[in-house]
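Breakdown of the fold
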Amino acid sequence: MNDATHPEPAPLSASRSTGLSGRLRPPGDKSVSHRALILGLLCVGETQIEGLLEGDDVLRTGAACRQLGARVVRHGEGLWTVNGAGLGSLLNPEEILDFGNAGTGSRLMMGVVGGHAVTARFDGDASLRKRPMRRILDPLQLQGARVLEQAEGGRCPILLQGTAEPLPIEYKTPVASAQIKSAVLLAGLNSPGRTTVIETEASRDHTEKMLLHFGAQVVSEPFGEHGRKITLEGRPQLRASKVCVPADPSSAAFPLAAALITEGSDITIEGVMTNPLRSGLLTTLLEMGAHIEVENRRVEGGEEVADIRARYSADLRGVDVPAARAPSMIDEYPILAVVAAFASGETRMRGLSELRVKESDRLAAIAAGLTANGVDCAIEGDDLFVRGGAGDVKGGGLVETHLDHRIAMSFLVMGLAARQAVTVDDETMIATSFPAFRPLMEKLGAKFS
Ligand SMILES: O=C(O)C1=C[C@@H](OP(=O)(O)O)[C@@H](O)[C@H](O)C1
Ligand SMILES: C=C(OP(=O)(O)O)C(=O)O
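Residues numbered from 1 in each chain as written. Chains lettered and ligands numbered in written order. Predicted model: local features only at pLDDT ≥ 70, side-chain atom pairs only at ≥ 80, totals over all residues. Heavy atoms only, no water.

As recorded in an unreviewed UniProt entry, the chain goes by the name 3-phosphoshikimate 1-carboxyvinyltransferase, listed as coming from Methylocystis heyeri. The Subunit (unreviewed entry) field of the UniProt record for the chain holds the comment "Monomer." Quoted straight from UniProt, the Subcellular location (unreviewed entry) entry for the chain says "Cytoplasm". (UniProt positions renumbered as here; feature names shortened; annotations may be inferred.)

Re the layout of surface pockets
By volume, the largest pocket is sized at about 600 Å³. Listed by contribution, the elements that provide at least two residues to the lining of the largest pocket are helix H1 (30-42), helix H3 (103-114) and helix H5 (178-188). Per-class residue counts for the lining of the largest pocket are 10 nonpolar, 10 polar and 17 charged. When residues of the lining of the largest pocket are assigned to domains, at least three map to each of domain 1 (3-28 + 246-448) and domain 2 (30-244). Approximately 440 Å³ is the volume attributed to the second largest pocket. What lines the second largest pocket is a set of 20 residues, among which Pro27, Gly28, Gly51, Leu52 and Glu77 lie closest to the centre. Taken together, the residues of the lining of the second largest pocket break down into 12 nonpolar, 3 polar and 5 charged. (1 Å grid on protein atoms, 1.4 Å probe; cavity = no way out; pocket = protein on both sides within 12 Å on 5 of 7 lines; lining within 4 Å. Points joined across faces, edges and corners; volume = space filled by probe spheres on them. Helix = DSSP H or I, 4+ residues; strand = E, 2+ residues; numbered from the N terminus. Nonpolar A, V, L, I, M, F, W, Y, C, P; charged D, E, K, R; others polar. Domains from an automatic or database assignment.)

Describing the site of ligand 1
All residues adjacent to ligand 1 are Ser31, Arg35, Thr104, Ala176, Ser177, Ala178, Gln179, Arg204, Ile330, Asp331 and Lys358. Within the side chain of Asp331, one N or O atom sits 2.5 Å away from an oxygen atom of ligand 1. At a separation of 2.8 Å, an oxygen atom of ligand 1 approaches a polar side-chain atom of Lys358. When the free accessible area of ligand 1 is taken as 390 Å², the share hidden by the protein chains comes to 94%. Taking a 2 Å distance to the grid points as the criterion, the majority of the atoms of ligand 1 fall inside the largest pocket. Among the elements of the structure, H1 and H5 are those that each provide at least two residues to the shell around ligand 1. Two domains share the shell around ligand 1, each providing at least three of its residues, namely domain 1 (3-28 + 246-448) and domain 2 (30-244). (Near = heavy atom within 4 Å. Polar contact = N/O pair within 3.5 Å; in protein donor to acceptor, adjacent residues only side chain to side chain. Areas by Shrake-Rupley, 256 points an atom, 1.4 Å probe, with all protein chains shown as cover. Sits in = over half its atoms within 2 Å of the grid points.)

Details of unusual backbone geometry
That bond from Cys156 to Pro157 is cis: its omega, 5°, falls within 30 degrees of zero. With respect to the helices and strands, the residue Pro157 is situated in strand E9 (residues 155-161). In this structure, His402 is a non-glycine residue whose phi angle is positive, near 50°. As for its position among the elements, His402 is in the loop between strand E22 (398-399) and helix H11 (405-415). Overall, the relative accessible area of 43% leaves His402 in the partly exposed class. Within the chain, Leu403 stands out as a residue other than glycine whose phi angle is a positive 60°. Relative to the helices and strands, Leu403 resides in the loop between E22 and H11. (Buried < 20%, exposed > 50% of the residue type's maximum accessible area, 1.4 Å probe, protein only.)

Quick notes on the nonpolar core
In terms of nonpolar packing, the biggest core is built from 73 residues, with Leu285, Met349, Leu370, Val386, Met414 and Phe437 touching the most fellow members. For Val386, the contacting residues outside a window of four places in its chain are Ala337, Ala340, Ala341, Gly345, Glu346, Thr347, Met349, Leu370, Val375, Asp376 and Cys377. Counting residues in each nonpolar core, the second largest holds 62 residues, with Leu37, Ala64, Ile136 and Ala216 among its members. (Core = buried A, V, L, I, M, F, W, Y, C linked by side-chain atoms within 4.5 Å. Contact = heavy atoms within 4.5 Å.)

What about the sheet that holds strand E12 (residues 218-223)?
Strand pairing in a sheet relies on backbone hydrogen bonds. The paired strands run either parallel or antiparallel. Strand order in the open sheet made by the 4 strands is E10-E11-E13-E12, with mixed pairing throughout. Each of the sheet's edge strands pairs with one partner strand only, and the pair in question is strand E10 (170-172) and E12. With direction set aside, neighbouring strand axes in the sheet form an average angle of 15°. Of the pairings in the sheet, the one linking E10 to strand E11 (residues 194-199) comprises 3 bridges and is parallel in character. From the neighbouring strand, Glu170 faces E11, where its bridge partner is Thr196. The strands touched by H5 within the sheet are E10, E11 and strand E13 (227-233), with E11 carrying the most contacts at an inclination of about 175°. (Pairing = 2+ DSSP bridges. Axes fitted to C-alpha atoms, helices over the stretch in contact; angles between N-to-C directions.)

Examining the pattern of salt bridges
A full pass over the atoms with the stated rule returns 38 salt bridges. Lys209 is the salt-bridge partner of Glu303, the closest N and O atoms lying 3.0 Å from each other. Of the two residues, Glu303 sits in strand E17 (residues 303-311) while Lys209 sits in helix H6 (residues 206-213), which places them 94 residues apart along the sequence. Across the pair Asp307 and Arg298 runs a salt bridge whose closest N-O atoms are separated by 3.2 Å. Residue classification places Arg298 among the partly exposed positions, given a relative accessible area of 24%. Each of Arg131, Arg204, Asp331, Glu359, Arg362 and Asp404 takes part in salt bridges that share partners, so that together they form one network. (Salt bridge = Lys/Arg side-chain N within 4 Å of Asp/Glu carboxyl O.)

Section: the UniProt feature "domain: Enolpyruvate transferase" (unreviewed entry) in the chain
As recorded in UniProt, the feature "domain: Enolpyruvate transferase" (unreviewed entry) lies at residues 18-438. Within residues 18-438, the helical portion is 29% and the strand portion 28%, while the C-alpha atoms at the span's ends are 16 Å from each other.

Side note on the state of the cysteines
In total, this model carries 0 disulfides according to the counting rule given. Unpaired in terms of disulfides, Cys43 finds its nearest cysteine sulfur in Cys65, a separation of 11 Å. A relative accessible area of 1% places Cys43 in the buried class. Under the relative-accessibility criterion, Cys65 is labelled buried at 0%. (Disulfide = S-S within 2.5 Å.)

Printed below as a string of structure tokens:
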């Protein structure tokens, strides 16, 4: 895929709104959705998925599963079945596996391909082609896969030849990354031995949970102060299972933040996953003095979920966000920076080097967007400092989104509470993770044009 296959960029503006109200359920979690399809591919029999995120990133993982031999069928909104090819029995894909904008889908599937006797070409859009893949290819090569072709610096397009007999390895991830951990574990699934991944900072654990759910043997132990050691027994008898996908906390973050900064708001977001490894934003917002209540905590589909009530919070204050919290709120820094712009005092967000290698260089994109809207901010090393306007943000800026859905949604949320409308240069990428963002926000009372 290249830029020519993207829809024409479509600018969108958000203008000052008041009193957001109502209830909404955000779409299914993106991380869980990718993994449900992939585990479905790897077992024999029918996996049923309820609440699948039908965003472009996930649909591309579904398409790749088909190319590798699964029957993937949509039965209704969010209702899908996967009849898998089975572990060790994947087909050679006839076409390029085009992952569009999706880092997670492409990297996890590299793990799957790396551990099977198939050869696949991975590619994506201009954003995906910039993202570092060496971090995935390095461990896969240790497991026995071969990189036949790659663009400069280990980037897509990549031609990857997997191995029928992945070597059992112990691998320490160089950065806290669930994508690296998951790729190694998924390749290790087809190994005759045991695969161990050590991470010194715990990253989201959806792969481990999903593997357990499908019948694999996975043990996760604490490692050091914040880390984990995960051990997987290879070649398990996977059984097709039912997966209920909880609402995505990374998507919930946008209406949540909008309610906090928009005068007179009171909304409830239903069924949001509250997995502690995804909850750094909630912790931070509560420290900032946000009026948030976490209600009706329960377990759904093996994940903790809750309803989150968020009300306008006139008295938000800046906080110091430690680097150790980064893995649990990694995708939420753009929207946190927007909330910080409305707080009083300075918010310091530390240890954000990984933000530079997301769909865009998010550190630079956030700073540029804040500056374009009159917000005082600075990048120092890997830290971002935002000096808030105590409820008053000028707005009026045009924000460059660089093919990044989270930059687009974050600055549209800013526009709902800034003095002047905020415009993003392209809203089309929002469809990768939250296709119904605009109508759901409009139902709450948000003004877009
Ligand atoms: O495993 C996953 O589902 C994800 C892991 C994170 O990336 P890293 O593994 O690069 O930290 C996150 O940013 C991404 O949106 C989803
Ligand atoms: C980083 C993200 O996704 P991915 O890595 O899957 O492209 C994201 O959704 O914010």
